[in-house]
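Descriptive structure summary
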Amino acid sequence: MRNIHVTALAGILLFTVNACGQTNKNSETNNKTEEKMKTVHLNKSEFLSKVMNYEENPTDWKYLGDKPAIVDFYASWCGPCKMIAPVLEELAAQYEGQIHIYKIDTEQEEELAAAFDIRSIPTLLFIPMRGDPQMTRGAMSKAQLDEVIKDVLLGH
């Protein structure tokens, strides 16, 4: 009887060690995934300092960034938003150092979404270094986004 308890206890300990090891591997994988993310989530104060301070300058567009940018207004429950999220990550990695890709959660930043009259999501704001920004509503394919980046943001 004692051997059965010892065997069972050893099995539980082995399972616990393996489960902990698996959890650590998953944590490492999650940390590596987070490190790879190239899009940047902004809140209102970050938007005001990095993109546009519409409170100080409500009538004139004045971009504050050092590179062209895309701002993705999204919600976590939105299907089309979920579809373009990995595409935006790929493009952020592809154009790293050339453009910024920002994300605004419209449910977390309701005031910011209202300031830009966001009524449907995803809504993408394309901000070139010179000229006025352009806004589009709805999901776009990677090819369409790549074309806008090259033509509107980078001027190729």
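An account of the accompanying structure is given in this report. (Residues numbered from 1 in each chain as written. Predicted model: local features only at pLDDT ≥ 70, side-chain atom pairs only at ≥ 80, totals over all residues. Heavy atoms only, no water.)

1. Points about the pattern of salt bridges
What the rule picks out here adds up to eight salt bridges. Put simply, Asp-72 and Lys-103 hold a salt bridge, and the shortest N to O gap is 2.6 Å. In this pair, Asp-72 sits in strand β2 (residues 69-74) while Lys-103 sits in strand β3 (residues 100-105), placing the two residues 31 residues apart along the sequence. Relative accessible area serves as the criterion here: at 0%, Asp-72 is assigned to the buried category. For Lys-103, a relative accessible area of 7% translates into the label buried. Between Asp-117 and Arg-119 there is a salt bridge, with the nearest N and O atoms lying 2.9 Å from each other. The class of Arg-119 is exposed, set by a relative accessible area of 71%. Salt bridges sharing common partners tie together Lys-44, Glu-55 and Glu-111. (Salt bridge = Lys/Arg side-chain N within 4 Å of Asp/Glu carboxyl O. Helix = DSSP H or I, 4+ residues; strand = E, 2+ residues; numbered from the N terminus. Buried < 20%, exposed > 50% of the residue type's maximum accessible area, 1.4 Å probe, protein only.)

2. Re the nonpolar core
Counting 18 residues, the largest nonpolar core has Phe-47, Val-51, Val-71, Phe-73 and Phe-116 as its most contacted members. For this core, the secondary structure elements donating two or more residues are α2 (44-50), β2, β3, α4 (110-115) and β4 (123-127). The dominant element in this core, judged by the number of residues it contributes, is β2, at three residues. In this structure, Phe-47 is in contact with Leu-42, Met-52, Tyr-54, Val-71, Ile-104, Leu-112 and Phe-116, ignoring residues within four places of it in sequence. Ala-92, Ile-99, Leu-124 and Val-148 belong to the second-largest nonpolar core, a separate cluster that totals 16 residues. (Core = buried A, V, L, I, M, F, W, Y, C linked by side-chain atoms within 4.5 Å. Contact = heavy atoms within 4.5 Å.)

3. Side note on the environment of Ile-84
Inspection of the secondary structure puts Ile-84 in helix α3 (residues 79-94). Between the alpha carbons of Ile-84 and Gly-138 there is a distance of 9.7 Å; along the sequence they are 54 residues apart. Excluding residues within four positions of it along the chain, Ile-84 makes contact with Asp-72, Pro-122, Leu-124, Ala-139 and Met-140.

4. Here we look at the packing of aromatic side chains
By the definition in use, this model includes four aromatic pairs. Aromatic pair Phe-47 and Tyr-54: ring centres 6.4 Å apart, planes at 55 degrees, arrangement tilted. Neither Phe-47 nor Tyr-54 differs from the other in exposure class; each is buried. Here Phe-47 and Phe-116 contribute two aromatic rings whose centre-to-centre distance is 5.3 Å and whose plane-to-plane angle is 75 degrees, an arrangement assigned as edge-to-face. Highlighted residues: Phe-47 in helix α2 and Phe-116 in the loop between α4 and β4, separated in sequence by 69 residues. (Phe/Tyr/Trp six-rings, centres within 6.5 Å; stacked < 30°, edge-to-face > 60°.)

No statement about biological role is implied by the geometric values presented.
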